[in-house]
Amino acid sequence: MGCTIGLVNTYSTNIGDAAIYLALTAIASEAKVIAQFPDAQPEKISGWQIAPEISCCDAYISVGGDIFYNARENLITTAFIGNLVQLTRSSQKTFLFGQSILRSCHSWSFQALTFCLRRLAAVCVRDAESHQRLTKAAVKATLPFDAVFSLTFYEQAKIMTKQVFPALDIPPESTAMISLRAFD
């Protein structure tokens, strides 16, 4: 293991978020990946470690999805500020990956966010609207593939898919199946 990557702005270990963390961990195969979660009992996924605190990492990936939601018109919430602090802890070593910048993030909150994002090593958003908004605000953002699609299927999931899709009359040519855990 050459380096340590800290996942910051993690939201939860629900099945969707866990898929993102698992995919990023697989992509960073040689690195030690650590994360901190607000869940009372976070789900353990192989490949990364849950840590009480994230510090002194070689790189950080901000992975929180829709975390830049700002519910207070013309104000900035404390949760939003906390997410910005996570981004700026070591901005030259921090990557924003797979997040959406919601329409609720505008005015002061959008200005504060774009100020922070311009200083990051890389900004990769997950939807065209976020990409367009950030690019217009002079943030060098990219719109990559979703990391979840790098995950491989469990063999049992392939077998079940061949049984379940026809039974439910689901057309396989227009359907995506994502298998996250052997027991799901």
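Residues numbered from 1 in each chain as written. Predicted model: local features only at pLDDT ≥ 70, side-chain atom pairs only at ≥ 80, totals over all residues. Heavy atoms only, no water.

Describe the overall build of the protein chain, listing the residues and the values that go with them.
For the protein chain, the helix and strand inventory stands at five helices and seven strands. Helices (α) and strands (β) of the protein chain occur, in sequence order from the N terminus, as β-α-β-β-β-α-β-α-β-α-β-α. Partitioning the intrachain contacts of the protein chain with sequence separation of at least 6 by distance along the chain shows that 71% fall at a separation of at least 24. Split by element, the accessible area of the protein chain, about 10,600 Å² in all, is 58% carbon and sulfur. (Helix = DSSP H or I, 4+ residues; strand = E, 2+ residues; numbered from the N terminus. Contact = heavy atoms within 4.5 Å. Areas by Shrake-Rupley, 256 points an atom, 1.4 Å probe, with all protein chains shown as cover.)

Please give an account of the packing of aromatic side chains that cites residues and values.
A full pass over the atoms with the stated rule returns one aromatic pair. With centroids separated by 5.3 Å and ring planes inclined at 50°, the aromatic side chains of Y21 and F37 adopt a geometry described as tilted. Pair noted here: Y21 is in helix α1 (residues 15-27) and F37 is in the loop between β2 (32-35) and β3 (48-50), with a separation of 16 residues, a long-range link. Judged by its relative accessible area of 11%, F37 falls in the buried class. Its end group placed over the ring of F110, R133 keeps NZ or CZ at 4.4 Å from the ring centre. (Phe/Tyr/Trp six-rings, centres within 6.5 Å; stacked < 30°, edge-to-face > 60°. Buried < 20%, exposed > 50% of the residue type's maximum accessible area, 1.4 Å probe, protein only. Lys NZ or Arg CZ within 6 Å of the ring centre and 35° of its normal.)

I'd love a proper account of the pairing of strand β5 (residues 94-99), names of residues and values included.
Counting buried positions over the six residues of β5 gives five, a clear majority of the element. Pairing analysis gives three bridges linking strand β4 (residues 59-62) to β5, with the strands arranged parallel. Its bridge partner lying in β5, S62 is registered against L96. In this sheet, strand β6 (residues 122-125) lies alongside β5 in parallel orientation, the contact comprising four bridges. (Pairing = 2+ DSSP bridges.)

Help me get a handle on a nonpolar patch on the surface, residues and values and all.
The grouping of M160, V164 and L168 at the surface amounts to a nonpolar patch, some 270 Å² of accessible area in total. With respect to the helices and strands, the residue M160 is situated in helix α5 (residues 155-167). Its relative accessible area of 42% is what places M160 among the partly exposed residues. (Patch = residues over 30% accessible without salt bridge, like charges linked within 9 Å, V, L, I, M, F, W, Y side chains within 5 Å. Salt bridge = Lys/Arg side-chain N within 4 Å of Asp/Glu carboxyl O.)

Tell me what's going on with the pairing of β2, and back it up with residues and numbers.
Side chains on a regular strand alternate between the two faces of the sheet. In this sheet, β2 lies alongside strand β1 (residues 4-8) in parallel orientation, the contact comprising four bridges. Looking across to β2, one finds that G6 is bridged to I34. Following the chain from β1 across α1 to the adjacent parallel β2, one finds a crossover that is right-handed. Sheet topology note: the β2/β3 ladder contains three bridges and is parallel. Note that in β3 the partner of A35 across the bridge is I50. (Right-handed = clockwise from strand over helix to strand, strands pointing away.)

Any functional reading would require information that these geometric values do not contain.
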